[in-house]
Amino acid sequence: MLDLLKDLWGFMRVRKKFWLAPIIIILLLLGALIVLSEGSAVAPFIYTLF
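These figures come from a predicted structure and were not determined experimentally.

Structural notes on the overall build of the protein chain
Looking only at helices and strands, one finds three helices and zero strands in the protein chain. Starting at the N terminus and walking to the C terminus, you meet the elements of the protein chain as α-α-α. A compact globule built from 50 residues should have a C-alpha radius of gyration of about 10 Å, whereas the protein chain, at 15 Å, is more than 25% larger. On the principal axes, the C-alpha backbone points of the protein chain span a range of 45 × 20 × 10 Å. Of all 50 residues assigned to the protein chain, the portion counted as buried reaches 12%. Of the roughly 4,500 Å² that the protein chain leaves accessible, carbon and sulfur atoms contribute 75%.

With respect to unusual backbone geometry
One non-glycine residue, K16, lies in positive phi territory at about 60°. For K16, a relative accessible area of 62% corresponds to the exposed category.

Some thoughts on a nonpolar patch on the surface
The grouping of M1, L2, L4 and L5 at the surface amounts to a nonpolar patch, some 460 Å² of accessible area in total. By the element assignment, M1 lies in the segment before helix 1 (2-15). Given the relative accessible area of 72%, M1 is considered exposed.

Things to note about helix 1
Given 3.6 residues per helical turn, the α-helix brings residues three or four places apart onto the same face. Taking 1.5 Å of rise per residue, the 14 residues of helix 1 would be expected to cover 20 Å, and the 20 Å separating its terminal C-alpha atoms lies within 8% of that figure. Two residues or fewer after helix 1 comes K16, characterised by a positive phi angle close to 60°.

Cut-offs applied
Residues numbered from 1 in each chain as written. Predicted model: local features only at pLDDT ≥ 70, side-chain atom pairs only at ≥ 80, totals over all residues. Heavy atoms only, no water. Helix = DSSP H or I, 4+ residues; strand = E, 2+ residues; numbered from the N terminus. Rg over C-alpha atoms; globule rule 2.2 N^0.38 Å. Buried < 20%, exposed > 50% of the residue type's maximum accessible area, 1.4 Å probe, protein only. Areas by Shrake-Rupley, 256 points an atom, 1.4 Å probe, with all protein chains shown as cover. Patch = residues over 30% accessible without salt bridge, like charges linked within 9 Å, V, L, I, M, F, W, Y side chains within 5 Å. Salt bridge = Lys/Arg side-chain N within 4 Å of Asp/Glu carboxyl O. Expected span 1.5 Å × (residues − 1).

Take a look at the structure:
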């Protein structure tokens, strides 16, 4: 996983694609939110957001 992040950062740095960083961060945060709230009491409230 760490190698993937290093490769992704290297790609963005070499190709000057820094605008991809906020998109990737938001996608990772949304994915973490969905995974962490799967079995909790917060799950019904999360699903109303989508």
